[in-house]
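An overview of the molecular structure
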Amino acid sequence: MSTNFSSLLTGRDLTVSIAGLDGVGKTSIVQRLLREDISEIYKTFGVNTELLDLEGLKLGLTDLGGSEAFRKVLWKAYISRSDAFIYVVDATNSRRLEESRKWFVKALQWVKKRSPVLVLVNTWDVQLDNSELDEITKIFTEKTNSFEIECFSISPVTGKNIEKTKEWLANSIINHLIAVGITVDYFVAYIRTGNNIIEAKIRTPQITLEEDTLFPIIKYRFANEGESMLEYMKVAERQIIMAADENISCWLVTTKNKELEASNLLMRLLTELVSEISCIAKTKKNKLTEADLTSFLINHMIDKQIFWSESQSPMFEISVIDNNN
Ligand SMILES: Nc1nc2c(ncn2[C@@H]2O[C@H](COP(=O)(O)OP(=O)(O)OP(=O)(O)O)[C@@H](O)[C@H]2O)c(=O)[nH]1
Ligand SMILES: [Mg+2]
């Protein structure tokens with residue numbers, strides 16, 4: 001199956017602020033996350049913003065100037081609006097570690113509660129042994145226990161841990177948003193298997209049957225062979241997202257009156273779900289049964305609380321429907 005959903009993703013971009021003292025290598029790291037070439041790096045006056053595409057998850061990177069004037073006037077406004085926070089420390093400059101820690105602690109007051117925080121220790125081109133790294137890690141993670149802070153070394157020159165940073169960004173932001181509540185009221189998956197279509201409906205007890213009929217668009221619609229579809233719409237104060245390939249069509253409806261801005265994330269999650277179901281269908285040679293689907297959905301969507309993050313017990317209906325309907 002070809003998944004080219006990513007090019008279709010839209011929605012509000014999630015943003016990550018990158019702060020740290022002047023000259024610690026923030027811009028070099030940001031440029032290395034975006035492209036290989038970091039030969040032309042200039043001191044940041046104010047803020048640089050860049051867009052990082054992590055296989056469809058679009059992240060706005062806000063690279064903040066580290067000079068004292070910018071720390072004082074700019075950091076708060078940007079950091080307090082971001083979905084995640086990265087702080088860069090220069091491992092080769094021990095003289096400024098205390099100053100750096102002081103600004104880190106200050107910046108944490110502005111970071112949105114429970115947001116993911118990563119400290120990157122720029123090792124430049126020097127080798128840092130484990131005990132040196134442990135020491136720096138300790139300085140930046142102790143007495144900051146209201147946040148879960150991850151810390152590792154990086155080098156924009158050698159590329160060390162650049163991929164690891166991208167993984168951290170994708171995973172921690174998804175986990176964070178799930179933890180704070182991606183709440184969905186209604187989910188339907190249609191899976192074409194042989195001559196039949198299995199319909200799996202999951203909904204919260206709150207959703208009424210009348211509301212069910214409010215979403216007449218939720219009907220199976222598959223993509224052409226080798227293609228995929230992704231659609232986003234708003235109906236009756238809810239966001240509705242559909243992802244489909246040639247055999248799987250999944251729809252989800254968000255909770256009413258609860259503006260979830262991260263439509264791009266929801267689309268990504270749904271797209272992943274389509275791919276996962278498609279993999280299972282393939283291993284079963286398209287003989288996916290209702291039982292297979294039930295166990296998959298329970299494991300992935302209910303036990304792991306992917307969508308029902310609030311303490312509700314969603315209701316399940318799985319049935320086989322006639323393809324000729
Ligand atoms: N050799 C080496 N030089 C680096 C490395 N990272 C950054 N530099 C250099 O250090 C200088 C400052 O790097 P920047 O990336 O501009 O630092 P910054 O944190 O963005 O600085 P401000 O914009 O002033 O806040 C540049 O001349 C970079 O080329 C590295 O890993 N190795
Ligand atoms: Mg810079």
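Let me begin by describing the structure that accompanies this report. Here, residues in each chain are numbered from 1, in the same order as that chain's written sequence. Just so you know, chain letters begin at A and ligand numbers begin at 1, following the order they were written in. Predicted model: local features are reported for residues with pLDDT of at least 70 only, side-chain atom pairs are reported and counted for 80 or more only, and whole-chain, interface and lining totals are derived from all residues.

Topic: the overall build of the protein
Numbering of helices and strands runs from the N terminus; a helix is a DSSP stretch of H or I covering at least four residues, while a strand is a stretch of E covering at least two. Secondary structure assignment for the protein yields nine helices and twelve strands. Every C-beta atom is placed from the backbone, and the number of other C-beta atoms within 10 Å of a residue's own sets its class: buried at 20 or more, exposed at 12 or fewer, partly exposed in between. Relative to its 325 residues, the protein shows a buried fraction of 36%. For every residue pair, C-beta atoms are placed from the backbone, and the pair is scored as a contact if these atoms sit within 7 Å. For the protein, contacts bridging at least 24 residues in sequence account for 71% of all contacts bridging at least 6.

Structural notes on the environment of Phe 222
Topologically, Phe 222 is positioned in the loop between helix 7 (209-214) and strand 9 (229-235). Note: C-alpha distance between Phe 222 and Ser 249 (27 residues apart in sequence) is 5.9 Å. Leaving out residues up to four positions away in the same chain, Phe 222 has contacts with Arg 192, Ala 244, Glu 246, Asn 247 and Ser 249.

Quick word on the site of ligand 1
In this entry, near means the residue's backbone-placed C-beta atom lies within 6 Å of the molecule or strand. Neighbouring ligand 1 are 20 residues, the closest being Gly 25, Thr 27, Ser 28, Thr 44 and Gly 66. Looking at which element gives the most residues to the shell around ligand 1, the answer is helix 1 (residues 26-34), with three residues. When grouped by side-chain class, the residues that make up the shell around ligand 1 number five nonpolar, eleven polar and four charged. Each residue is assigned to one class: nonpolar for Ala, Val, Leu, Ile, Met, Phe, Trp, Tyr, Cys and Pro, charged for Asp, Glu, Lys and Arg, and polar for all the others, Gly among them.

A look at the pairing of strand 7 (residues 184-193)
Of all ten residues making up strand 7, nine are buried, and the element is well covered by its neighbours. Relative to strand 8 (residues 196-203), strand 7 runs antiparallel, the two sharing eight bridges. When the bridges of strand 8 are listed, Arg 192 appears paired with Ile 197. What sits between strand 7 and strand 8 in their antiparallel hairpin is a turn of two residues, with Gly 194 showing a positive phi close to 60°. Any two strands with at least two DSSP-identified bridges between them are counted as paired.

A short note on the pairing of strand 5 (residues 117-122)
The element strand 5 is largely enclosed, with a buried count of six among its six residues. Across the two faces of strand 5 the burial is the same, with Val 117, Val 119 and Val 121 and Leu 118, Leu 120 and Asn 122 all buried. Summarising the sheet, strand 4 (residues 84-90) and strand 5 pair through six bridges and their orientation is parallel. Bridge pairing links Val 88 to Leu 120 in strand 5. When the strands point away from the viewer, a crossover counts as right-handed if the route from the first strand across the helix to the second turns clockwise. Between strand 4 and its parallel partner strand 5, the chain crosses via helix 4 (residues 97-108), and the hand of that crossover is right-handed. Here strand 5 runs beside strand 6 (residues 149-154); their pairing, made up of six bridges, is parallel. Across the sheet, the residue bridging to Leu 120 is Phe 152, located in strand 6.

Bear in mind that shape data such as this cannot, by itself, settle questions of function.
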